[in-house]
Amino acid sequence: MTRTLAPDDAGIAEAARLLAAGELVAFPTETVYGLGGDARDDRAVARIYEAKGRPSFNPLIVHLPDLAAVERIAEVGPKARILAQAFWPGPLTLVLPLRAGAGISPLVTAGLDTVAVRIPAHPLAQRLLQAFGGPLAAPSANPSGRVSPTRAGHVLEGLSGRIAAVLDGGACAVGLESTIVLADPDPVLLRPGGVPVEVLEAALGAPLATGGDAGKPTSPGQLASHYAPEAAIRLEALEARSGEVLVGFGPVRGRLSLSESGDLVEAAARLFQMLREADRLAGPGGRIAFAPVPDTGLGRAINDRLRRAAAPRG
């Protein structure tokens, strides 16, 4: 059952407690309601994808309370700093280089070396971020492909029973997702949104290029083999061939396993870690085999990434 929490000290404290326990809590921002989970917790982030029915592991936006918190996980270049000082807190998301050792789940960044971040202006979002004390991954709080929610009731219409709670802050003021910009070295608009392009260009003193994919805020994620390790990959393997590192799932046992119990949430949470570990074990010129994963629920996202990793490389 999904609880509705009041926008008071007790409600915020309970929301922060649930998030710290790895649960999901929807909360209002000035744009739309976000589906929050601890951005450092692989399983919490996997649950976000599960709750939304998100078809693939696209990068998620990390919400933080201030610029100092952003700088702990990302490198803020000169153009990004101009935009941050002009539009944060507010409906602007910046795609920045991920800082080494940031501790952000690779499911948040979809295994990329950039992270999408924003500082929300909504007072309740700010109070929750301060109470939680960590980064929150928070895509819109609706089933994937559905209309974004601007009221707590909208969240419950789509996600009731799938998440722990919704923090009710009334209607969102902007009602449109944040603008996404790849900031440095040359700013590129990846998604129009709550901050108009003309206003961004005025702050930068130059025209803003347009590119990317709104669903994939960093263009390298569109490359079929982007997620590939060094080793060659074979899919749908029931056993290891000579010289292969087998990554099992469920009853298929391997040197490693996405989930010995066949749990898709666990498998999603471990996917990028297992790709890296198997690549390390395989060594130069090595080969990796992955056991079959059901193509349902989170399994669709897992298989999407595995197919990209196994794709021929030009």
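Starting from 1, residues in each chain are numbered consecutively following that chain's sequence as written. Owing to the predicted nature of the model, reporting of local features is limited to residues with pLDDT of at least 70; listing and counting of side-chain atom pairs is limited to 80 or more, with chain, interface and lining totals taken over all residues. Excluded from the side-chain calculations are hydrogens and water; all other atoms, namely the structure's heavy atoms, are used.

*Asks:* Hey, could you go over the overall build of the protein chain for me, with residue numbers and the actual values?
*Replies:* Helix numbering and strand numbering both begin at the N terminus, where a helix is a DSSP run of H or I of at least 4 residues and a strand a DSSP run of E of at least 2. Along the backbone of the protein chain there are 10 helices and 15 strands. Radius of gyration here is computed from C-alpha atoms only, and the compact-globule reference equals 2.2 Å multiplied by the residue count raised to the power 0.38. What you see for the protein chain is a C-alpha radius of gyration of 20 Å, in line with the 20 Å of a compact globule of 314 residues. Along the three orthogonal principal directions, the C-alpha set of the protein chain runs to about 60 × 50 × 30 Å. A 1.4 Å probe rolled over the protein chains alone gives each residue an accessible area, and that area as a share of the maximum for its type sets the label: buried under 20%, exposed over 50%, partly exposed in between. When burial is assessed residue by residue, the protein chain has 55% of its 314 residues classed as buried. By definition in these notes, contact holds between two residues if any of their heavy atoms fall within 4.5 Å. In the protein chain, the share of contacts with a sequence separation of at least 24, taken over all contacts with a separation of at least 6, comes to 67%. Note on areas: Shrake-Rupley, 1.4 Å probe, and residue coverage restricted to the protein chains presented here. In the structure as shown, the protein chain presents an accessible area of about 13000 Å², 52% of it carried by carbon and sulfur atoms.

*Asks:* Break down the packing of helix H1 (residues 9–20) against helix H6 (residues 123–132) for me, with residues and values.
*Replies:* Here an angle of 0 to 180 degrees is reported between the N-to-C directions of two axes, which are lines fitted to C-alpha atoms, with helices fitted over the stretch in contact. Axis separation between H1 and H6 bottoms out at 9 Å; the angle between their running directions is 55 degrees. Here H1 is positioned oblique relative to H6, judged by the angle of their axes. For the pair H1 and H6, the sense of crossing is right-handed. On the side of H1, the interface is formed by Asp9, Ile12, Ala15, Ala16, Leu19 and Ala20, while H6 contributes Leu124, Arg127, Leu128, Ala131 and Phe132. Across the contact of H1 with H6, the residue classes break down as nine nonpolar, no polar and two charged. Angle categories are assigned with fixed cut-offs, so that under 35 degrees is roughly parallel, over 145 is roughly antiparallel, 65 to 115 is roughly perpendicular, and the rest are oblique. For any pair of crossing helices, the crossing counts as left-handed if the nearer helix is rotated counterclockwise from the farther one by less than a right angle, and right-handed if it is rotated clockwise. Residue polarity is assigned by list, with Asp, Glu, Lys and Arg as charged and Ala, Val, Leu, Ile, Met, Phe, Trp, Tyr, Cys and Pro as nonpolar; anything else, Gly included, falls into the polar class.

*Asks:* A description of the packing of helix H9 (residues 264–282) against helix H10 (residues 298–310) should follow, citing residues and the corresponding values.
*Replies:* Between H9 and H10, the shortest axis-to-axis distance is 9 Å and the interhelical angle comes to 20 degrees. With respect to H10, the axis of H9 lies roughly parallel. As H9 packs across H10, the resulting crossing turns out to be left-handed. Taking contact as the criterion, the partners of Leu264, Val265, Ala267, Ala268, Leu271, Phe272 and Leu275 in H9 are, on H10, Leu298, Gly299, Ile302, Arg305, Leu306 and Ala309.

*Asks:* Can you explain the pairing of strand E13 (residues 244–248)? Please cite residues and give values.
*Replies:* Walk down a regular strand and you will see the side chains alternate between the two sheet faces. Where burial is concerned, most of E13 is hidden: five out of the five residues are buried. What you see with E13 is no split at all: Glu244, Leu246 and Gly248 on one side and Val245 and Val247 on the other are buried throughout. Note that E13 and strand E15 (residues 287–290) share four bridges and pair parallel. Counted as the bridge partner of Val245 is Ile288 from E15. By the convention used here, strands pair only if DSSP detects at least 2 bridges between them.

*Asks:* Which residues make up the sheet that holds strand E1 (residues 3–5), and what are the values?
*Replies:* Across the sheet, 11 strands lie side by side as E1-E8-E2-E3-E7-E4-E6-E5-E9-E10-E11; this open sheet has mixed pairing. The open sheet has two edge strands, E1 and strand E11 (209–210), and neither has a second partner. Pairing analysis gives four bridges linking strand E5 (residues 92–97) to strand E6 (residues 114–118), with the strands arranged antiparallel. Note on E6: the bridge partner recorded for Pro97 is Thr114. Sheet strands in contact with helix H4 (residues 78–87) are E5 and strand E9 (179–182), and its direction is about 155 degrees off that of E5.

*Asks:* So, H4: which residues are in play, and what are the values?
*Replies:* Ala80, Leu83, Ala84 and Phe87 are the residues of H4 that are buried. End-on, the buried residues of H4 take up no more than an arc of 100 degrees, which puts them together on one face. Exposed and oriented more than 90 degrees from the buried face of H4 are Pro78 and Gln85. On its buried face, H4 is in contact with helix H3 (67–73), E5, E9 and helix H8 (197–204). It is the directions from the helix axis to the C-beta atoms whose arc is reported.

*Asks:* Give me the side chain of Lys52: which residues, what numbers.
*Replies:* Summarising the element assignment, Lys52 is placed in helix H2 (residues 42–52). Think of it this way: Lys and Arg go in the positive column, Asp and Glu in the negative one, and His and the chain ends go nowhere. A side-chain nitrogen of Lys or Arg and a carboxyl oxygen of Asp or Glu constitute a salt bridge if their distance falls within 4 Å. Look at Lys52: it is buried, it has no salt bridge, and the nearest opposite charge is Glu177 at 8.1 Å. A distance of 2.7 Å separates the side chain of Lys52 from the backbone oxygen of Ser140, its partner in a polar contact. The residues contacting Lys52, other than those within four sequence positions of it, are Leu35, Pro139, Ser140, Asn142, Pro143, Ser144 and Arg162. For the purposes of these results, a polar contact is taken to be a pair of N or O atoms within 3.5 Å, where, inside protein, one atom must be able to donate a hydrogen and its partner to accept one; residues adjacent in sequence count only when each atom of the pair is a side-chain atom.

*Asks:* A description of the pattern of salt bridges should follow, citing residues and the corresponding values.
*Replies:* Going through the model one piece at a time under the given rule, you end up with nine salt bridges. Of the charged contacts, one joins Glu14 and Arg3 as a salt bridge, the two residues approaching to 2.7 Å between their closest N and O atoms. On the criterion of sequence distance, the pair formed by Glu14 in helix H1 and Arg3 in strand E1 is long-range, its members being 11 residues apart. Here Arg40 makes a salt bridge to Asp38, at a shortest N to O gap of 2.9 Å.

*Asks:* Please set out the sheet that holds E13 residue by residue, giving values where relevant.
*Replies:* Taken together, four strands build an open sheet; the order of strands is E12-E15-E13-E14 and the sheet is parallel. Two strands bound the open sheet, and with one partner strand each, they are strand E12 (232–234) and strand E14 (256–257). When E12 meets E15, the two strands line up parallel, connected through three bridges. When the sheet's bridge partners are listed, Ala232 is paired in E15 with Arg287.

*Asks:* Account for the side chain of Ser178, with residues named and values stated.
*Replies:* Position of Ser178 relative to the elements: it lies in the loop between strand E8 (165–167) and E9. Side chain to side chain, Ser178 and Thr93 meet in a polar contact 2.8 Å long. Filtering out sequence-adjacent residues up to four positions away, Ser178 remains in contact with Thr31, Ile61, Pro91, Leu92, Thr93, Arg118, Arg191, Pro192, Gly193 and Gly194.

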